[in-house]
Amino acid sequence: MATEEILVRIGKRLYKRRKEMKLTQEKMAEKLEMSAAFYGEIERGKKRLSIEKIIQVYEKTGLDPDYLLTGEGAMDKAVMELFKDCPEEKRPALDQVLSDLTEMIR
């Protein structure tokens, strides 16, 4: 995957979290101790976060660094663990249960 695509995906995840928190770009930038212009560039995938800023994003917003960087979080890993331990013949039933739960919370 190209670096530009990775940065765009990270930016989309930050945007999603900002919207969940009901913050403007300016307020999110303030929370993360950076300029609004720089934050906007990060959301658009034009700039990258330092390791220190990734940690700060986690501390200030609760956004899991694994999810921020890869799109997979602790919940995704837990689900994968469930499937790993589930017998092959019962996987369709587990898949249906997880699908039904997902629909219930939407």
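Now for a look at the structure at hand.

Calculation criteria
Residues numbered from 1 in each chain as written. Predicted model: local features only at pLDDT ≥ 70, side-chain atom pairs only at ≥ 80, totals over all residues. Heavy atoms only, no water. Buried < 20%, exposed > 50% of the residue type's maximum accessible area, 1.4 Å probe, protein only. Helix = DSSP H or I, 4+ residues; strand = E, 2+ residues; numbered from the N terminus. Arc of directions from axis to C-beta. Core = buried A, V, L, I, M, F, W, Y, C linked by side-chain atoms within 4.5 Å. Contact = heavy atoms within 4.5 Å. Phe/Tyr/Trp six-rings, centres within 6.5 Å; stacked < 30°, edge-to-face > 60°. Lys NZ or Arg CZ within 6 Å of the ring centre and 35° of its normal. Polar contact = N/O pair within 3.5 Å; in protein donor to acceptor, adjacent residues only side chain to side chain. Lys, Arg positive; Asp, Glu negative; His and termini not counted. Salt bridge = Lys/Arg side-chain N within 4 Å of Asp/Glu carboxyl O. Expected span 1.5 Å × (residues − 1).

### Section: helix α3 (residues 36-43)
Within the span of α3, buried status applies to Tyr-39, Gly-40, Ile-42 and Glu-43. All buried residues of α3 fall inside an arc of 155 degrees around its axis, so they share one side. Gly-45 occupies a position one or two residues after α3 and carries a positive phi of about 80 degrees.

### Remarks on the nonpolar core
Leu-14, Leu-32, Met-34, Tyr-39, Leu-49, Val-57 and Leu-68 are the most contacted members of the largest nonpolar core, which has 13 residues in total. For this core, the elements supplying multiple residues, two or more each, are α1 (3-20), α2 (25-31), α3 and α4 (51-61). Apart from residues no more than four positions distant in its own chain, Tyr-39 is found in contact with Leu-14, Tyr-15, Arg-18, Gln-25, Met-28, Ala-29, Leu-32 and Met-34.

### Side note on the packing of aromatic side chains
Under the defined criterion, the tally for this structure stands at 0 aromatic pairs. Its end group placed over the ring of Tyr-67, Arg-13 keeps NZ or CZ at 5.8 Å from the ring centre.

### Quick word on the environment of Glu-43
Mapped onto the fold, Glu-43 is located in helix α3. For Glu-43, a relative accessible area of 10% puts it in the buried group. Sequence separation between Glu-43 and Lys-12 is 31 residues; the distance between their C-alpha atoms is 6.2 Å. A distance of 3.0 Å separates the side chain of Glu-43 from the side chain of Gln-25, its partner in a polar contact.

### Re the side chain of Lys-53
Note that Lys-53 resides in helix α4. Look at Lys-53: it is buried, it has no salt bridge, and the nearest opposite charge is Glu-33 at 4.9 Å. In this structure the side chain of Lys-53 is engaged in a polar contact, spanning 3.1 Å, whose partner is the backbone oxygen of Glu-33. At 2.8 Å, the side chain of Lys-53 and the side chain of Gln-56 are in polar contact. Here Lys-53 is in contact with Leu-32, Glu-33 and Met-34, once residues within four sequence places are set aside.

### As for α1
In a regular helix each residue adds 1.5 Å, so 18 residues correspond to 26 Å; α1 covers 26 Å between its end C-alpha atoms and thus fits that length. Considered for burial, the residues of α1 that qualify are Leu-7, Ile-10, Gly-11, Arg-13, Leu-14 and Arg-18. Projected onto a plane normal to the axis of α1, the buried residues spread over an arc of 160 degrees and lie on a single side. Contacts made by the buried residues of α1 are with α2, α3, α4 and α5 (65-70). Just downstream of α1 lies Lys-22, where phi reads positive at about 55 degrees.

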